[in-house]
Amino acid sequence: MRILVTGGAGYIGATAVAILLEKGFEVTVLDDCSTGHAELVAPGAKFVKGSLLEKADVVTALEGCEAVMHFGAKSLVGESVLKPEIYWNTNVNGTRILLEAMRELSIKKIVFSSTAATYGEPKRTPITEEDETKPTNPYGSSKLAVDYMLTSESIAYGLAAISLRYFNVAGAYKSKSGWLTENHNPETHLIPNVLGATTENPLKVFGTDWQTADGTCIRDYVHVTDLIEAHISAIEKAIPGKHSIINLGSGGGYSVKEVIAAAAKAVGREIPFMATDRRPGDPAVLIADISKAEKVLNWKPTRNLEVMVQDAFESQKA
Ligand code: UDP
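Let me begin by describing the structure that accompanies this report. (Residues numbered from 1 in each chain as written. Predicted model: local features only at pLDDT ≥ 70, side-chain atom pairs only at ≥ 80, totals over all residues. Heavy atoms only, no water.)

1. Structural notes on the sheet that holds strand β3 (residues 46-49)
Phase 1: Read across the open sheet, the 7 strands follow the order β3-β2-β1-β4-β5-β6-β13; overall the sheet is parallel. Taken across any chain shown, the strands that pair with only one partner, and hence form the sheet edges, are β3 and β13 (243-248). Pairwise comparison of adjacent strand axes, ignoring direction, gives a mean angle of 20° for this sheet.
Phase 2: Across 4 bridges, the pairing between strand β2 (residues 26-31) and β3 is parallel. Bridged to Leu30 within β3 is Val48. (Pairing = 2+ DSSP bridges. Helix = DSSP H or I, 4+ residues; strand = E, 2+ residues; numbered from the N terminus. Axes fitted to C-alpha atoms, helices over the stretch in contact; angles between N-to-C directions.)

Structural data, given as structure tokens:
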């Protein structure tokens, strides 16, 4: 089976491409390389450099495909607040064009990268898929809009669709051609920033006065390899005419200070850090209820925080 991976030159998409190829799938990548890196795409994938916003590119990329893993999107929360139109265009309009092309070519299966940002500030944790969705930024709103789009397409046209709501994706995958490192510019994610901290440029800890045991925010980290294994299961389990929404996390949380301690152990040195103001839009605690993923996808993450930090470190060294 050939799968189209949109955004296949990004950190998560490129990991999907490598694992799919290693499992014997055929893969086409569609990426405009605006934030991705072509050199991350595993040899063996067909690469179409093009945009979700150009229907001709999408149609070319879909040739011979039976299913789509849709990672291609803009994903910076801060940027989405300052330039929302980019998010409505790429994330929502781009997906609309993708679905239109899939409909015309009778390609009826999609697994979509949704996000915990669709929930906004949670009223309770762990968060289940039934909980209220009230995004606090245009990034989350645009992903939620696509979730609604997929529900309507599944009802109207029999699409088999699964939205996977990621919590905090971390770690790295070592493919046959080497480590697939997380490499964003600017880097906003905690674990790469922790590993990059120096005495001259210490990690900024965004708030130490949260209502948590050690005063720092708690997040639910999931290894990118576990995450992709859930996607492959979702491709196998998606049902025509049904759109399912499923959380992907570990079901447990770590504070920023706990992540710093795990990283210090992994790299064998102190991590220099300083407390700063809270980052606007950050909730105190985000933890996924993953019982639906366990039930529907028959999936359970197997790589803990130590492995995530160790793999992120090895991939950065390489
Ligand atoms: N964080 C931090 N310093 C950083 C980056 C992140 O203290 O340089 C904190 C952030 O406030 C949040 C957690 O680490 O509580 C995870 O942030 P990240 O940006 O990795 O993911 P998010 O939770 O925003 O999706």
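2. Description of the side chain of Ser255
Phase 1: Assignment of secondary structure puts Ser255 in strand β14 (residues 254-255).
Phase 2: Those residues within four positions of Ser255 in sequence are excluded, and the remaining contacts are Asp214, Thr216, Cys217 and Ile218. (Contact = heavy atoms within 4.5 Å.)

3. Things to note about the site of the ligand
Phase 1: Around the ligand, the structure places 15 residues, and the nearest of them are Leu190, Lys204, Arg219, Arg279 and Asp282.
Phase 2: Between an oxygen atom of the ligand and a main-chain N or O atom of Thr188, the distance comes to 3.3 Å.
Phase 3: Between Asn193 and the ligand, the recorded distance is 3.2 Å, taken from a side-chain N or O atom to an oxygen atom.
Phase 4: In the complex, the protein chains occlude 86% of the 510 Å² of accessible area that the ligand would expose alone.
Phase 5: Among the elements of the structure, α6 (190-196) and β10 (203-206) are those that each provide at least two residues to the shell around the ligand.
Phase 6: Of the residues in the shell around the ligand, the class split is 7 nonpolar, 4 polar and 4 charged. (Near = heavy atom within 4 Å. Polar contact = N/O pair within 3.5 Å; in protein donor to acceptor, adjacent residues only side chain to side chain. Areas by Shrake-Rupley, 256 points an atom, 1.4 Å probe, with all protein chains shown as cover. Nonpolar A, V, L, I, M, F, W, Y, C, P; charged D, E, K, R; others polar.)

4. Side note on the pairing of strand β4 (residues 67-70)
Phase 1: In β4, alternate side chains face the same way, and those of Ala67 and Met69 on one face and Val68 and His70 on the other are all buried.
Phase 2: Alignment of strand β1 (residues 2-6) against β4, held across 4 bridges, turns out to be parallel. Looking at the pairing, Leu4 lines up with Val68 of β4.
Phase 3: Here 3 bridges tie β4 to strand β5 (residues 109-115), and the two strands are oriented parallel to one another. When the sheet's bridge partners are listed, Val68 is paired in β5 with Ile110. (Buried < 20%, exposed > 50% of the residue type's maximum accessible area, 1.4 Å probe, protein only.)

5. Here's the deal with the packing of helix α2 (residues 55-62) against helix α4 (residues 84-104)
Phase 1: Two elements in contact, α2 and α4, have axes whose closest approach is 9 Å; the angle formed by their N-to-C orientations is 50°. Judged on the interaxial angle alone, α4 and α2 are oblique. Of the two possible hands of crossing, α2 and α4 adopt the one that is right-handed. Contact residues: α2 offers Lys55, Val58, Val59 and Leu62, while α4 offers Ile97, Leu98, Glu100, Ala101, Met102 and Glu104.
Phase 2: Within the contact of α2 with α4, the residues separate by chemical class into 7 nonpolar, no polar and 3 charged. (Parallel < 35°, antiparallel > 145°, perpendicular 65-115°, else oblique. Left-handed = near helix turned anticlockwise from the far one by under 90°.)

6. Some details on the side chain of Thr216
Phase 1: Mapped onto the fold, Thr216 is located in the loop between β10 and β11 (218-219).
Phase 2: Here Thr216 falls in the buried class, since its relative accessible area comes to 0%.
Phase 3: Of the polar contacts made by the side chain of Thr216, one reaches the side chain of Asp214; its length is 2.7 Å.
Phase 4: A polar side-chain atom of Thr216 sits 3.3 Å from the main-chain amide nitrogen of Lys257.

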